[in-house]
Every structure is written in structure tokens, then in C-alpha cells.
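Here is how the chains run, residue by residue.
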Amino acid sequence: MALHGISRVRRQLPVSPWLFAAPGLLVISAFVLYPFVSTVVNAFTDRRTLIPGKFVGLANFRELLHDDMFWIGLRNSTLYVVGVVPLLVVLPLLLALLVQKNIPGITFFRSAFYTPVVASIVVVGLIWVWLLDDRGLVNALLETVGAGPVGFLSDQWLLLLSAMAVTVWKGLGYYMIIYLAALGNVPRELHEAAAVDGAGAVRRFLTVTVPAVRSTMVLVGALSSVAAFKVFSEVYLLAGPSGGPAGEDTTLVMLVQRTGTGLTGRVGYASAISVVVFAVTVALMLLVLRADRKEDS
């Protein structure tokens, strides 16, 4: 009887892990895998919101090459990566170094820096619109010194820079926490040895801190690159559904939302844009990882 019971348990063991994983696998399949496969399939069709559509091959992708709004969205998304990622790699590290020290009141500052991360993006967007509007607080202060109103939300490039500022401001605390975890693993002996050798604060930062957290910097660069290229909320809230003056501040994700929604939405064409966004984000991550491997070698 005992041997029979042991053999029965052994037969049941391989099934048990799948039973525990089944709920998670179902959720991933329903909300990740199925939408992804459906988007790829729809990219090769002319499907609309209320029309199933038929297979059209690469027609949607060929149309992208002649779509001015697609190139505008690609330009803005690329500029967003170039403008945001370097700041989100460096500034949170400097911020983490500041709040790393255990001094009285430092907990308050850590919480204050992390507050924008947990704040709703809609609330954050409305606050920044109130600040940067032509009649907002910032322009009111500028008028008091005779600088005149500045079109933060009406000028094409200033609006894009304003959205970048919101993204950096909201992401500082998140990446600061990641850096704090990495800095906690840096041995103090390295800093003490560098200090004994006469290295100043800047030199210790470049020769000890940066090499020690380089892998974390690569991680932050990869995460912020993908997030910046897929930006939607910040630009949408500041620029509105139209994407700024004449739609010149439209990003690729905003173009997907505008093209694929509504009763007459071109789901197939929006899916083709989504496939391009996915391909570019994967390429960005591979480039960052490849650069990190070259640095290791």
C-alpha cells in the first residue's frame, strides 16, 4: 500500500505546478498573448471597427511609408527618447546619492521625491496644464517680471519639451528607488580606498560609483527608452486629442489611438502602426543590451 501511494504521488507531481500556474497563464493568455497575436494578424488586413475585413498583405505597411502623420509620430517619439532617456539615467542616480545618506529628515525627502510616481497621470497632467497654460501660474510669474506669456502649450517644440519635463519629473522617483537598491550593494571599502588615494567626490563618483551601478544604468536606460518611445498620456493631456498645433506633436501611440478607435476606426492600419512600435521598442532594448555587452568585453 505504501509503495502504491508513493507511485501515485509521483504521477501527480508533474501536474501540480501547472495547476498552480494555470490562473496566471490564463490571465496572460487572455490579456497579453491573445491581443498581441490578434494585433499582428489584423496588421495584414483592412479590418475596421464594425467590419471584419480581409487579408491585404503588406498594403498597410506600404501606406505607412506615404503617411505624413506616421513620420511625424515617428519623429516625435524618437525625439522623446533622445530628450528623456539621458536625463532619466543620470538625474535619478544623482538624486539617489543625495538621499542615500542617513541624516535627520531624509525620509521626508525620499517620500517627496517618490510622490509623483504614485500620483495619477491624469492629475499630474491637469496640474501641469494649470501651471503652463497661457493664463497659468508660470506665465503669471513671467508677466510680473516683464517676460510676457510663453506658449508652453501652443508652440510645437515647447509643448514637446514640456511633455518631456513632465515625464522626467514623474519618473525621477521611480528610477531613484532602483538606484538606491544598487547603491546599497556598493562596498564602502572601495570609496574609503579611493578617498585614501586622494580621490575627490567627483572622481569617486566616476571611478567607483558609476562602474558599480553600470548594469543598473543599462536597465534604467532600457526601461526608460521603451517607456519614452511609447509615450501617450503626457503628450495627450498637454496637447489634447489633436496632438498640438496641426497635430505636429502627435506620437506613434497617439496615432494608434486616433486611427483605430471610433465607429469608423481603421483597426488594421492602427495594428500595423502598433507592430512598428513593437519592433522599434524591441530594437531599442537589443541595442542597449548589445552596447552593454561590448562594454563588458
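Before any of the text, the structure's been laid out above.
Now for a description of the structure that goes with this document.

What counts and what doesn't
- Residues numbered from 1 in each chain as written.
- Predicted model: local features only at pLDDT ≥ 70, side-chain atom pairs only at ≥ 80, totals over all residues.
- Heavy atoms only, no water.
- Helix = DSSP H or I, 4+ residues; strand = E, 2+ residues; numbered from the N terminus.
- Rg over C-alpha atoms; globule rule 2.2 N^0.38 Å.
- Buried < 20%, exposed > 50% of the residue type's maximum accessible area, 1.4 Å probe, protein only.
- Contact = heavy atoms within 4.5 Å.
- Core = buried A, V, L, I, M, F, W, Y, C linked by side-chain atoms within 4.5 Å.
- Polar contact = N/O pair within 3.5 Å; in protein donor to acceptor, adjacent residues only side chain to side chain.
- Phe/Tyr/Trp six-rings, centres within 6.5 Å; stacked < 30°, edge-to-face > 60°.
- Lys NZ or Arg CZ within 6 Å of the ring centre and 35° of its normal.

### A closer look at the overall build of the protein chain
Logical step 1: Looking only at helices and strands, one finds 14 helices and 0 strands in the protein chain.
Logical step 2: Scanning the protein chain from its N terminus toward the C terminus, one meets helices and strands in the order α-α-α-α-α-α-α-α-α-α-α-α-α-α.
Logical step 3: In terms of overall size, the protein chain is more extended than a compact globule, its C-alpha atoms giving a radius of gyration of 25 Å where 297 residues would be expected to give roughly 19 Å.
Logical step 4: With the C-alpha coordinates aligned to their principal axes, the bounding extent of the protein chain is approximately 80 × 65 × 40 Å.
Logical step 5: The proportion of buried residues among the 297 residues of the protein chain is 35%.
Logical step 6: Here the contacts in the protein chain between residues at least 6 apart in sequence split such that 67% fall between residues at least 24 apart.

### Considerations on the nonpolar core
Logical step 1: Ranked by size, the top nonpolar core spans 57 residues in total, and within it L64, Y80 and I273 carry the most contacts.
Logical step 2: Tallying contributions element by element places helix α8 (residues 156–183) first for this core, with 12 residues.

### Some thoughts on the side chain of N139
Logical step 1: Note that N139 resides in helix α7 (residues 137–144).
Logical step 2: You can call N139 buried: its relative accessible area is 0%.
Logical step 3: Only 2.6 Å separates the side chain of N139 from the backbone nitrogen of V150, close enough to count as a polar contact.

### Remarks on the packing of aromatic side chains
Logical step 1: Here the structure, examined in full by the defined rule, presents 7 aromatic pairs.
Logical step 2: Seen from the ring of Y269, R266 lies directly overhead, with NZ or CZ sitting 4.5 Å from the centre.

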